[in-house]
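Next come the chains, spelled out residue by residue.
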Amino acid sequence: MKSIRTRIILITVVAVVLSMVISMLLGIRDVISVGQSNSEQVLDLLCETGEKNLNYYFDSVGQSVDMVASFASADLEARHSPNLKEHMRNVNNLFGKIARQTNGVCTYYYRIDPEYSTEVAGFWYVDSNGNGFTEHEVTDITLYDTNDTTQLVWYTIPKASKKSVWIPPYITDNLDVRVISYNVPIYLHDTFIGVIGIEIDYSTMAKQVDNIKLYKNGYAFINDKDGNIIYHPRIDVLALPKEEIPKVPEVFLENEDFIRYNFEGVEKEAVRRKLSNGMYLSVSVPLSEINGNWKNLISRTLIISACLLIIFVLLAMRFSGRIIKPLTDLTDAARHVSDGDYDVELSYHEDNEVGILTNSFRTLIDHVKSTTGELNRLNQQLKEDNLTLEAATIRDSLTGVKNRFALRRDYATYIEQDVLIMMLDIDEFKRVNDQFGHSVGDYLLKKTGDALLDNFGAEYSYRYGGDEFLVISPNGIKEDFEKSLTELKNQLKEIYLDEKKLPVHFSAGYVYGKSVLNDDLRLMLRQADELLYQAKNSGKDQFIGAAYDRTYAEGIQKKEEEAFRQG
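Anyway, here's the lowdown on the structure attached to this text. (Residues numbered from 1 in each chain as written. Predicted model: local features only at pLDDT ≥ 70, side-chain atom pairs only at ≥ 80, totals over all residues. Heavy atoms only, no water.)

1. Looking at the overall build of the protein chain
At step 1: Helix and strand counts for the protein chain stand at 13 helices and 18 strands.
At step 2: Sequence-distant contacts, at least 24 apart, represent 63% of the contacts inside the protein chain between residues at least 6 apart.
At step 3: Accessible surface computed for the protein chain: about 30,700 Å², of which carbon and sulfur atoms make up 51%. (Helix = DSSP H or I, 4+ residues; strand = E, 2+ residues; numbered from the N terminus. Contact = heavy atoms within 4.5 Å. Areas by Shrake-Rupley, 256 points an atom, 1.4 Å probe, with all protein chains shown as cover.)

Here it is in structure tokens:
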């Protein structure tokens, strides 16, 4: 038969455990609800911010064109007999000033309808390289059917619609550049005069979309009203034929702000906003990342609560049999806690088992209140530690340049670029170590790394292994590269230790050319390494360079593979 003391302890423990479980379940429910609501609010806010930024940009472009169009219409109506040449000068002066102050403008134009005038065609100014606008020959509209709105869309669509219109991305005539344009038809007393418009670089919009990110794998994309992808950071739309450009899932075409969908086996949630130019901006995030924060919080809360509960049960087992009244108070307090009310008052403070249990219960309540705040702080600290660890993994600790792990990570950034690749190492480095000691060898490696950082920058300098270093200069000009190479040689000739010049020399091989295919960069590395080998065999202390020869580099690779197979 169980004693009264045992029964009281058992009843008390059961009551406390039940109240804690109920409280935790209610808390978990609230955390899930609040976590999902907050995630959706963040997603919605991010999409809304992106929408406002893009609309501000599109509206500013539209307002610029509308201002010029209003001026043009007023200038035409103010003339008794329109002098189109003088009219063109007036509009061109205003349009040029406005276009130069508008970000991302690729071209601006005023094209007169040939049916209105065959003497004055209009003007077309182009900024193809960012160095300023130059006048370009206008498009010969007579070569097109202006009633066909699939041709010469910047002209035919506003003429047909008789209103200002944004044109979805297209390849601009003669320049082979993908643009988005805003065009306004110009009328004089119901007579169609022509079209005024601005074409903005597609990449300007793309950069703004790329800046919209959430969590690790969240991203934003733009589609038109028919669901065609206009821009997607993970799909190279420009490289695809028109018929192969993918569409958004059907659910995006419904009038829903929050969208749940499955893409390539991953459950995602997205928020969609309509832009002022008729396109749609969507921000998408995997559900696993949205739910990750509150799931981690619940897991940690459960673990901490379980630990605290174990401690409490151990303390409760020490209660004596003459604690009926204090236990009644504790039971009442437990009921309050089970209802979610943590503001309970326990007045028992005697120095015995009941007092210990009462104090433990107070501590448990305080811990439950503070758990959420503490877990948030720990989560933030973990994120900061992860960022520090990531930075440490891509740098060689001795020389300060990037390591081979960073090279593998950066590899894709050098594809489809003009690059100059140099392989450099220290001549007879083993002799330096044997003659002066490994500490001097490390010092020499450090000075070599400093010289590469000074002349080529931390972004493009790598330690390839041992005393061998690598430089990859993207979008480089050969003359500038060789100038930096000369400064590097001069710096490497002046390496001192304790005011004594170290007797060391360096050899290098470098290659310059276009990385077109995915394996070009690897073949260029092989050719640069072969040139370094030639420099070594030609007496060392030499820097040998050559243009990239894919056939020659493939031959080097085949020789190495054959040598490997033959052992």
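2. What to know about the sheet that holds strand β2 (residues 122-126)
At step 1: Pairing in this open sheet of 6 strands is antiparallel, and the strands run β3-β2-β1-β6-β5-β4 from one edge to the other. Edge positions in the sheet fall to β3 (134-135) and β4 (165-171), since each of these pairs with one other strand and no more.
At step 2: Most of the contacts of helix α2 (residues 84-100) go to strand β1 (residues 105-112), to which it runs at about 165°, and overall it touches β1, β2 and β6 (191-201).
At step 3: Contacting β4, β5 (178-188) and β6, helix α4 (residues 202-210) crosses the sheet at an angle of about 50° to β6. (Pairing = 2+ DSSP bridges. Axes fitted to C-alpha atoms, helices over the stretch in contact; angles between N-to-C directions.)

3. Some words on the packing of helix α12 (residues 520-537) against helix α13 (residues 550-565)
At step 1: Two elements in contact, α12 and α13, have axes separated by 9 Å at closest approach and are oriented at 75°. It follows from the interaxial angle that α12 and α13 lie roughly perpendicular. On α13, the residues touching Asp520, Arg522, Leu523, Arg526, Gln527, Glu530 and Gln534 of α12 are Arg550, Tyr552, Ala553, Glu554, Ile556, Gln557 and Glu560.
At step 2: Tallied by class, residues from the contact of α12 with α13 come to 4 nonpolar, 3 polar and 7 charged. (Parallel < 35°, antiparallel > 145°, perpendicular 65-115°, else oblique. Nonpolar A, V, L, I, M, F, W, Y, C, P; charged D, E, K, R; others polar.)

4. Quick look at the side chain of asparagine 223
At step 1: With respect to the secondary-structure elements, asparagine 223 resides in strand β7 (residues 219-223).
At step 2: When near neighbours in sequence (up to four residues on either side) are disregarded, asparagine 223 contacts Asn228, Ile229, Ile230, Val248, Met279, Tyr280 and Ser282.

5. Details of the pairing of β6
At step 1: With 9 of its 11 residues buried, β6 lies for the most part within the structure.
At step 2: With 7 bridges joining them, β1 and β6 adopt antiparallel strand pairing. Opposite arginine 111, over in β6, you have valine 195 as the bridge partner.
At step 3: For β5 and β6, the ladder comprises 10 bridges, and the chain directions are antiparallel. Its bridge partner being in β6, leucine 188 is matched across the sheet by threonine 191.
At step 4: Linkage of β5 to β6, two consecutive antiparallel strands, is achieved through a turn of 2 residues, within which histidine 189 is found at a positive phi near 50°. (Buried < 20%, exposed > 50% of the residue type's maximum accessible area, 1.4 Å probe, protein only.)

6. Quick look at the nonpolar core
At step 1: Phe58, Tyr110, Ile196, Met205 and Ile222 are the most contacted members of the largest nonpolar core, which totals 64 residues.
At step 2: Among the elements that line this core, the one with the most residues is helix α1 (residues 4-77), at 12 residues.
At step 3: Apart from residues no more than four positions distant in its own chain, tyrosine 110 is found in contact with Ala72, Leu76, His87, Met88, Val91, Ala121, Gly122, Phe123, Ile186, Ile193, Val195 and Ile196.
At step 4: Listed in part, the 26 residues of the second largest apolar core include Leu420, Leu424, Leu444 and Val504. (Core = buried A, V, L, I, M, F, W, Y, C linked by side-chain atoms within 4.5 Å.)

7. Some remarks on helix α10 (residues 438-456)
At step 1: With 19 residues, α10 should reach 27 Å at 1.5 Å per residue; the first-to-last C-alpha distance of 26 Å fits that figure.
At step 2: Val440, Gly441, Leu444, Leu445, Thr448, Gly449, Ala451, Leu452, Asn455 and Phe456 are the residues of α10 that are buried.
At step 3: Glycine 457 lies just past α10 and shows a positive phi near 90°. (Expected span 1.5 Å × (residues − 1).)

8. A word on the pattern of salt bridges
At step 1: According to the stated counting rule, one finds 24 salt bridges in the structure shown.
At step 2: The partner of glutamate 269 in a salt bridge is arginine 260, with the nearest N and O atoms 3.2 Å apart.
At step 3: Among the residues examined, arginine 260 registers a relative accessible area of 49% and is labelled partly exposed.
At step 4: As a salt-bridge pair, arginine 550 and aspartate 519 come within 3.0 Å of each other at their nearest N and O atoms. (Salt bridge = Lys/Arg side-chain N within 4 Å of Asp/Glu carboxyl O.)

9. What to know about the sheet that holds strand β10 (residues 266-274)
Paired through backbone hydrogen bonds, the strands of a sheet run either parallel or antiparallel to each other.
At step 1: If you trace the 5 strands from one edge of the open sheet to the other, you get β8-β7-β11-β10-β9, paired in antiparallel fashion. A single partner strand is all that each edge strand has here, and the edge strands are β8 (229-231) and β9 (258-263). Each strand of the sheet is rotated relative to its neighbour by a mean of 40°, with strand direction disregarded.
At step 2: The pairing of β9 with β10 spans 6 bridges and is antiparallel. Of the residues in β10, the one forming a bridge with asparagine 262 is glutamate 267.
At step 3: On top of the sheet, α4 reaches β7 and β8; it is set at about 90° to β8, its chief contact.

10. Focus: the packing of α10 against helix α11 (residues 478-492)
At step 1: Two elements in contact, α10 and α11, have axes separated by 9 Å at closest approach and are oriented at 150°. One finds that α10 runs roughly antiparallel with respect to α11. Crossing hand, α10 versus α11: right-handed. Along the contact surface, α10 presents Thr448, Asp450, Ala451, Leu452, Asp454, Asn455 and Phe456, while α11 presents Phe481, Ser484, Leu485, Glu487, Leu488, Gln491 and Leu492. (Left-handed = near helix turned anticlockwise from the far one by under 90°.)

11. Things to note about the environment of aspartate 366
At step 1: Within the fold, aspartate 366 resides in helix α7 (residues 353-393).
At step 2: C-alpha separation for the pair aspartate 366 and aspartate 343, spaced 23 residues apart in sequence, amounts to 9.8 Å.

12. Topic: the packing of aromatic side chains
The geometry of an aromatic ring pair comes down to the distance between the two centres and the angle between the two planes.
At step 1: Applying the stated criterion to the full structure yields 20 aromatic pairs.
At step 2: Arranged with centres 5.1 Å apart and planes meeting at 75°, the rings of tyrosine 108 and phenylalanine 133 form a pair that is edge-to-face. Of this pair, tyrosine 108 sits in strand β1 while phenylalanine 133 sits in the loop between β2 and β3; the two residues are 25 residues apart in sequence, bridging distant segments of the chain. Taken as a pair, tyrosine 108 and phenylalanine 133 share a single burial class, namely buried.
At step 3: With a centroid separation of 5.5 Å and an interplanar angle of 55°, the aromatic rings of phenylalanine 481 and tyrosine 510 are classed as tilted. With phenylalanine 481 in helix α11 and tyrosine 510 in strand β17 (residues 506-515), the pair connects residues that are 29 residues apart, well separated along the chain. In this pair, the class of phenylalanine 481 matches that of tyrosine 510, namely buried.
At step 4: Following the ring pairs from residue to residue traces out a cluster consisting of Phe95, Tyr108, Tyr110, Phe123, Tyr125 and Phe133.
At step 5: Of note, arginine 178 hangs over the ring of tyrosine 202, and the distance from its end group to the ring centre comes to 5.2 Å.
At step 6: One Lys or Arg, arginine 404, reaches over the ring of tyrosine 464 and ends 4.1 Å from the middle of that ring. (Phe/Tyr/Trp six-rings, centres within 6.5 Å; stacked < 30°, edge-to-face > 60°. Lys NZ or Arg CZ within 6 Å of the ring centre and 35° of its normal.)

13. What about the environment of alanine 306?
At step 1: Structurally, alanine 306 can be placed in helix α5 (residues 287-316).
At step 2: Residue alanine 306 is classed as partly exposed on the basis of its relative accessible area of 36%.
At step 3: A C-alpha to C-alpha distance of 10.0 Å links alanine 306 and valine 17, two positions 289 residues apart in sequence.

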